[in-house]
Amino acid sequence: MNGILGELSRAVRSLRRSPGFVLVAAGMLAVGIGANTAVFSVVDAVLLRPLPYEDPARIVRIWATAPERGLDLAEVSRQRYLDISAQNRTFESVGAFVLDSVNLTGGGEPARLHAARVSPEVLRTLRVRPSIGRNFVPAEESPGGPDAVLLGNRIWRERFGADPGILGRSIDIDGSPHAVVGILPAGFHFPDDDVDVWIPRIDSPSFLNRGNVERGSTYLDLVARVKPGVSPAQAKADLDRMAAIDRRTGFLDEGLRYRLVPLAEDLAREAKPMLLILLGAVALVLVIACGNVTNLLLVRAIERGREVAVRKALGASRGRLVRQFLAESVVMSVAAGILGVVLARIALPPLVALASRHVPRASEIHLDLRVLAATTGVAVATGLIFGLAPALQGARTDIRTALAENAGRAVGGARRRRIRDILVVSEVALAVALLMGAGLLFRTILHLEAVDPGFRPDHVVVARVDLPSSRYGKPDEMRTFFARLRQGLGSLPGVTAVGAAQAMPLSAGSQQTLLAAEGGPVLPLAERPIVSFDTVAFDYFRALAIPREAGRLFDDSDGPSAPIRVVVNRRLARRFFPGRDAVGRHVFIGRSTSPAEIVGVVGDVRSDGLDAAPREAFYLSALQHTVPSMLFALRSSRPPAFLGPLIRQRLRAIDPGLPLSELRSMDDIVGESIGSRRLIGQLLGVFAGIALSLAAIGLFGVLSYSVRQRSAEIGVRIALGAPPRRILAQTVGEGVRLAAFGLVAGMAAAMALTRSIASLLYDTRRADPATVAATCLFLLLAAAAASWIPARRAAKTDPMKALREE
């Protein structure tokens, strides 16, 4: 132990004699370590850290699935939930929940809160107990039972001042008093970070048409705890058994099977590829930084040749010298690690703010002991790895040669120069791979932004209004309210069209059902195609500029007493009525045996994403299919900041107790649909920029040192008549040559590395010519710029001074 401490103490003293070297080397390492620490903090919280529940490995999600019908992961119907709860043999408990939103009134400004409607088994499955109060009881779940609510810790503190006296009191939710039965613990964020309140009524989410929920409607998310000793394969076999014996007919979810996914895996399903790509990118940045520091240490080891020779002559063994060099590397890397943690602490808050919409468990992201331990390990390992080659090189110094030769000749060996060149070429190659990845994602964003979504998002403001059942329990009441609001919004300055829909394109909320064409093959429900649908009102198609292609749009004649009528999109019309005019024909929706008439055909809208083909879809009139939650779309020349206060004013004039729960532009909705790609592209671009800068610094260092060591040679050449321009061109050419080798190697590496982002690309080849050309040009310009200063120094060499120094 004393020997190790002694080596470290000598290493600190040695490094203190070269503060400039330490500052440069530790600074480069700190950038790489800091980037790795920040990204690893996110990866650790989302992918590696166990969920904050008791025995989380046994908690799973249960999904419905029918891939052959285009249904990958879908919610489960209430009937299926009850069947699984009663008939399973492998689960301790099964809970159901559905995300919703509710109005909170009384005790301040009305607010729209994120809510989770849950069965009491959800908390029991997670084994979470309220920090104050109790869980729900079965009576509170039953229709007609007492209304109860659990408050999240955040809303309890922000809205109710963390008052424990709120327990047992009632708060108004959607206009009805709900008794507060408990406060959930701080840090509990299920199903996601946004949920404020938990309500025990899974059968009445606001987005379902009140009083008209079809049998087999799939809208519930299931979470279950597997019994001890039961494997996931056994649990899945149990679900398959229940699906096989399901004999229900006439239900919308006929023929659906089950898929079982561990909860931790399910939460991270969409974020995992993005995080692994970023982790790989910052790892490459650290490797490039290590390459630079290795080059610096090689030079330093060679320059210390005389010192090493003297120590060898005095009896120091080769092993002792290697340990000394490695101790200096480790001390420097640990110092860089400390600085890297400081940089990560600065970078992490904005990184979390950017990523919070695209990664789960964002509230759990922070620098904890796990992350600091990992950073310490990385710092020490980095010091050993990048210090090993210089240590072996330095300890190999020949006593006679080092004492006999001057420094210039000592470093002039071709082998040593090749090592430094190989390191620089490798750094450039890794930077090229990152540049290619960032460039491909940039091209993808450009292509996605150029995609026609099927509507015009410009100059459209979206505002959401949700009506509580306590005051708007009848369809007539809802229709009257929405008509009055439409009239008020239509009179706002700059507004040219007002439409409304249950869900907007490219945002969550689109619903699906079964569809069959009249006159077509009579298929059982389990084999009917699944299509999307939306409920729209007023001038929805005109507000979003969705083109009418045939027939007409909805009007006042499509009222509650009229036969059901629908407008379909072009894709549905072509699939169900190929080569025929769809207008005037009829379809059967869901389980209905009464046909609905098609009155019009409109253009296709990309509802699932700009990179996803439009689905077959139809639209219902809100006069016939009245829903309590509507998103109003206002086409206006005025921005949301101007219209927002006026929209709230019109809403208060009709009902002062209703909050405006959402207000944003349609352009923002479109931007959010590619937000995860834009985020990873931006971060990959930042890391690629850092990598390129480090590679350029490495190239600059190698050329600068080469010029310094060859000053006598350059001086002789200039004395013999070589023009400075030739010296300048040759030195720049040397740098560009190294960069070109790195470029060739980097392109080969990029083809392998970009496989990891292939799923994120849209209309972009991995060998996209424009991206390849831009990467080559950018890299060669960076290499030329990095070579320019050493080249000018070489061209200005004073022959007499260089020869005297030699």
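What you see is a predicted model; the values in this text were computed from it and never measured.

About the criteria used
Residues numbered from 1 in each chain as written. Predicted model: local features only at pLDDT ≥ 70, side-chain atom pairs only at ≥ 80, totals over all residues. Heavy atoms only, no water. Helix = DSSP H or I, 4+ residues; strand = E, 2+ residues; numbered from the N terminus. Buried < 20%, exposed > 50% of the residue type's maximum accessible area, 1.4 Å probe, protein only. Contact = heavy atoms within 4.5 Å. Areas by Shrake-Rupley, 256 points an atom, 1.4 Å probe, with all protein chains shown as cover. Polar contact = N/O pair within 3.5 Å; in protein donor to acceptor, adjacent residues only side chain to side chain. Expected span 1.5 Å × (residues − 1). Arc of directions from axis to C-beta. Phe/Tyr/Trp six-rings, centres within 6.5 Å; stacked < 30°, edge-to-face > 60°. 1 Å grid on protein atoms, 1.4 Å probe; cavity = no way out; pocket = protein on both sides within 12 Å on 5 of 7 lines; lining within 4 Å. Points joined across faces, edges and corners; volume = space filled by probe spheres on them. Nonpolar A, V, L, I, M, F, W, Y, C, P; charged D, E, K, R; others polar. Salt bridge = Lys/Arg side-chain N within 4 Å of Asp/Glu carboxyl O. pLDDT = per-residue confidence, 0-100. Core = buried A, V, L, I, M, F, W, Y, C linked by side-chain atoms within 4.5 Å.

Peer 1: Whenever I open this one, the overall build of the protein chain confuses me. Can you help?
Peer 2: A count of helical and extended segments in the protein chain gives 25 helices and 23 strands. For the protein chain, the proportion of its 806 residues judged to be buried stands at 52%. Considering only contacts in the protein chain between residues 6 or more positions apart, those separated by 24 or more positions represent 83%. In the structure as shown, the protein chain presents an accessible area of about 35,100 Å², 58% of it carried by carbon and sulfur atoms.

Peer 1: Looking at this structure, how should I read the side chain of Gln-624?
Peer 2: Its location among the elements puts Gln-624 in the loop between strand S21 (617-621) and strand S22 (629-636). Engagement of the side chain of Gln-624 in a polar contact is seen with the backbone oxygen of Pro-563, the distance being 2.8 Å. The contact partners of Gln-624, leaving out residues within four places of it in the chain, are Asp-558, Gly-559, Pro-560, Ala-562, Pro-563, Ile-564 and Arg-565.

Peer 1: Help me understand the environment of Pro-200, please; the structure alone is not making it clear to me.
Peer 2: Relative to the helices and strands, Pro-200 is located in the loop between strand S10 (197-199) and strand S11 (218-226). Residues Pro-200 and Asn-135 lie 65 residues apart in sequence; the distance between their C-alpha atoms is 9.8 Å. Excluding anything up to four places from it in sequence, Pro-200 contacts Val-118, Phe-136, Glu-140, Glu-141 and Ala-148.

Peer 1: Just checking my understanding: could you explain unusual backbone geometry for this structure?
Peer 2: Trans peptide bonds make up the majority, and among non-glycine residues the majority have a negative phi. A cis amide bond links Phe-190 to the next residue, Pro-191, at an omega of 5°. Counting through the fold element by element, Pro-191 comes out in the loop between strand S9 (176-183) and S10. Positioned with a positive phi, His-459 is a non-glycine residue whose angle comes to about 60°. Tracing the sequence through the fold places His-459 in the loop between helix H15 (414-449) and strand S13 (460-466). Classification of His-459 as partly exposed rests on a relative accessible area of 48%. The phi dihedral of Asp-763 falls on the positive side, at around 55°, and the residue is not glycine.

Peer 1: I would appreciate a short explanation of helix H7 (residues 232-244) in the present structure.
Peer 2: Think of an α-helix as 3.6 residues a turn; residues three or four steps apart then line up on the same face. Taking 1.5 Å per residue, 13 residues should reach 18 Å; H7 reaches 18 Å between its end C-alpha atoms and fits that length. Taken residue by residue, H7 has Ala-235, Asp-238, Leu-239, Met-242 and Ala-243 as its buried positions. Across the axial projection of H7, the buried residues extend over an arc of 140°, all falling on one side. Turned more than 90 degrees off the buried face of H7, the exposed positions are Ala-233 and Ala-244. Buried residues along H7 sit in contact with strand S1 (59-66), helix H3 (78-87), strand S4 (91-105), S11 and strand S12 (257-262).

Peer 1: Would you mind going over the packing of aromatic side chains with me for this structure?
Peer 2: Within a pair of aromatic rings, the relevant descriptors are the distance that separates the centres and the angle that separates the planes. Applying the stated criterion across every chain, the model contains 12 aromatic pairs. Judged by centre distance (5.3 Å) and plane angle (65°), the ring pair of Tyr-472 and Phe-481 falls under edge-to-face. Of the two residues, Tyr-472 and Phe-481, neither departs from the other in class, the shared state being buried. Ring centres of Phe-533 and Phe-618 lie 5.5 Å apart, and the angle between their planes is 15°; this geometry places the pair in the stacked category. Placement of Phe-533 in strand S16 (residues 530-538) and of Phe-618 in strand S21 is noted, with a sequence separation of 85 residues between them.

Peer 1: Help me out: how do you make sense of empty space enclosed by the protein in this one?
Peer 2: In this approach a probe as big as a water molecule rolls over the atoms, and the regions it shows empty are the leftover space. The full count for this structure, using the stated rule, is 5 cavities of 30 Å³ or more. In this structure, the largest cavity occupies an estimated 200 Å³ of space. Lining of the largest cavity is provided by 16 residues; of these, Ser-510, Asp-534, Ser-607, Ala-617 and Tyr-619 occupy positions nearest its centre. For the lining of the largest cavity, the elements supplying multiple residues, two or more each, are S16 and S21. Across the lining of the largest cavity, the residue classes tally to 9 nonpolar, 5 polar and 2 charged.

Peer 1: Whenever I open this one, the pattern of salt bridges confuses me. Can you help?
Peer 2: Pairing between side chains becomes possible if they bear opposite charge and their charged atoms approach one another. What the rule picks out here adds up to 43 salt bridges. Close ionic contact of Glu-68 with Arg-257 constitutes a salt bridge, the shortest N to O distance being 3.1 Å. One end of the pair, Glu-68, is in the loop between S1 and strand S2 (71-74); the other, Arg-257, is in strand S12, and 189 residues separate them in sequence. For Glu-672, the salt bridge goes to Arg-357, with nearest N and O atoms at 2.7 Å. Taken together, the positions of Glu-672 in helix H20 (residues 666-673) and Arg-357 in the loop between helix H11 (318-355) and helix H12 (369-395) put the pair 315 residues apart, joining distant regions of the chain. Of the residues examined, Arg-357 reaches a relative accessible area of 64% and is grouped as exposed. Among the charged side chains, a salt-bridge network with shared partners connects Glu-54, Asp-55, Arg-58, Glu-92 and Arg-127.

Peer 1: Help me understand the confidence of the model for the protein chain, please; the structure alone is not making it clear to me.
Peer 2: Of all residues in the protein chain, 87% attain a pLDDT of 70 or more, and the chain-wide mean is 84. The secondary structure element of the protein chain with the lowest average pLDDT is helix H14 (residues 407-410), at 44, and the one with the highest is strand S18 (residues 565-569), at 97. For the stretch residues 406-412, pLDDT sits under 50, and the model shows 13 contacts to residues farther than four places along the chain or on other chains.

Peer 1: What exactly am I supposed to notice about the environment of His-358 here?
Peer 2: With respect to the helices and strands, the residue His-358 is situated in the loop between H11 and H12. Look at His-358 and you get partly exposed, because its relative accessible area is 25%. Through-space distance from the C-alpha of His-358 to that of Glu-672 is 9.7 Å; in sequence the pair is 314 residues apart.

Peer 1: It is not clear to me how the nonpolar core should be interpreted in this structure. Could you clarify?
Peer 2: Across soluble globular proteins, nonpolar side chains have a tendency to be buried as a group. Val-293, Met-332, Leu-348, Val-359, Ile-365, Leu-434 and Phe-687 are the most contacted members of the largest nonpolar core, which has 83 residues in total. For this core, the elements supplying multiple residues, two or more each, are helix H2 (19-48), helix H9 (271-303), H11, H12, H15, helix H21 (675-709), helix H23 (724-753) and helix H24 (769-795). The biggest single contributor to this core is H9, with 15 residues. Dropping the residues within four chain positions of it, Leu-348 is found in contact with Ala-38, Ser-41, Val-42, Ile-365, His-366 and Leu-367. Counting residues in each nonpolar core, the second largest holds 30 residues, with Ile-62, Leu-220, Met-242 and Leu-256 among its members.

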